[in-house]
Structure formats: C-alpha cells, structure tokens
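# Structural characterization, general
This is what each chain is made of:
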Amino acid sequence: NPEHGKNFSEVVNEINKSFEPIQLTIFTKNGKREFQINDEQPIKLSPQYFAMLHWFADKKINQKIGIEAPKSDKADLDEKDQVDFFREWSDEYNHFYGKQKAKDDVIVDKEYFEIIKSKLNKTLVDKIGLALTNRIMPIKNTDSNLFEFPKDITIVLKG
C-alpha cells in the first residue's frame, strides 16, 4: 500500500507473519508504553491507546471476561445503573491510563470507547500492517457487547 510507504515484499512479509503463532508482550516498566509481537522490534504507543491495549491484556491474563462496551454516551445518563456502570468502567480504564499520563480522569462512554478503539486499530495498522492487526485487535463477541483478545494469542506483561 503506497499510502503507508510499504513495498510489495514488506506487505507480503507482514501477511506471512500474521499466520505464525502470536505472543503479544506488553512492556510497562518505567512508563515505556511499548508492545512487541513475537521477537519483533518493540513498538511505542500513545498513553490512551496503550492503556486500552493494556486493559484488554490484563483481562485476558487474569482469565476474566473481556470488556463490555458501553451502550450509550455520558449525555444519556439518567438511570442510576448507567451512572454506576460508567463510573466503574471509567475507573478500570483510568487505572491503566493514570499510570501513563498525569491527567484528569476520563469518562469512558460509548463514544470514547469507539474512538479510542478505532484510533488504536488505525495506529496498529500503520505500525504492524492490516493482517497482524486483525490477528491481535480485540474483537466483539457476536452474542454480546463484549470485546476481548482473540483466543489464539498468548499475552505476556513485563513490568
């Protein structure tokens, strides 16, 4: 794809790598904000994107269900259950985001989740190619609003 400055052989190489078993290593020591696929060069991410990737990784490593995406935006808050859900969900995300950047807590609603997930996806495509991104990007369970890493990925956290 000329837009990404990659030649044909680089794209073929990325596709071939996407068929290999994948170990996704996430580095958190000293605020690195980096991830690595297999033995490739570590790749740095922005705090927001890294926090989301780390959050999904933490769920998988601790054998918890994935992340249930919010179904509405903060402007729609009127029911106590929704307010509690947003608060709990935002606290979880901010646990990872706060380790990366000193910033006011963010409210994680449907719009925020979709924007950050979409931008993470685009960043990964730019850095590792479409084929590998499709292998590691958290996917939505068809029966629910739950997003999780694909089952065939091994996750390692190095802190």
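Residues numbered from 1 in each chain as written. Predicted model: local features only at pLDDT ≥ 70, side-chain atom pairs only at ≥ 80, totals over all residues. Heavy atoms only, no water.

## Focus: the nonpolar core
- The biggest cluster of nonpolar side chains holds 35 residues, and the ones touching the most others in it are Leu24, Phe35, Tyr93 and Ile136.
- For this core, the elements supplying multiple residues, two or more each, are strand E1 (22-27), strand E2 (34-37), helix H2 (47-61), helix H3 (80-97), helix H4 (110-128), helix H5 (130-136) and strand E7 (153-158).
- Here the element with the most residues in this core is H2; it accounts for 8 residues.
- The residues touching Tyr93, leaving out its near neighbours within four places in the chain, are Gln48, Ala51, Met52, Trp55, Val106, Val108 and Tyr112. (Core = buried A, V, L, I, M, F, W, Y, C linked by side-chain atoms within 4.5 Å. Buried < 20%, exposed > 50% of the residue type's maximum accessible area, 1.4 Å probe, protein only. Helix = DSSP H or I, 4+ residues; strand = E, 2+ residues; numbered from the N terminus. Contact = heavy atoms within 4.5 Å.)

## Overview of the sheet that holds strand E5 (residues 139-140)
- Strands sit in the order E4-E6-E5 across an open sheet of 3 strands; the sheet is antiparallel. The outermost strands of the open sheet, each flanked by one partner alone, are strand E4 (67-68) and E5.
- For E5 and strand E6 (residues 146-148), the ladder comprises 2 bridges, and the chain directions are antiparallel. Residue pairing for E6: Ile139 is matched across the bridge by Glu148. (Pairing = 2+ DSSP bridges.)

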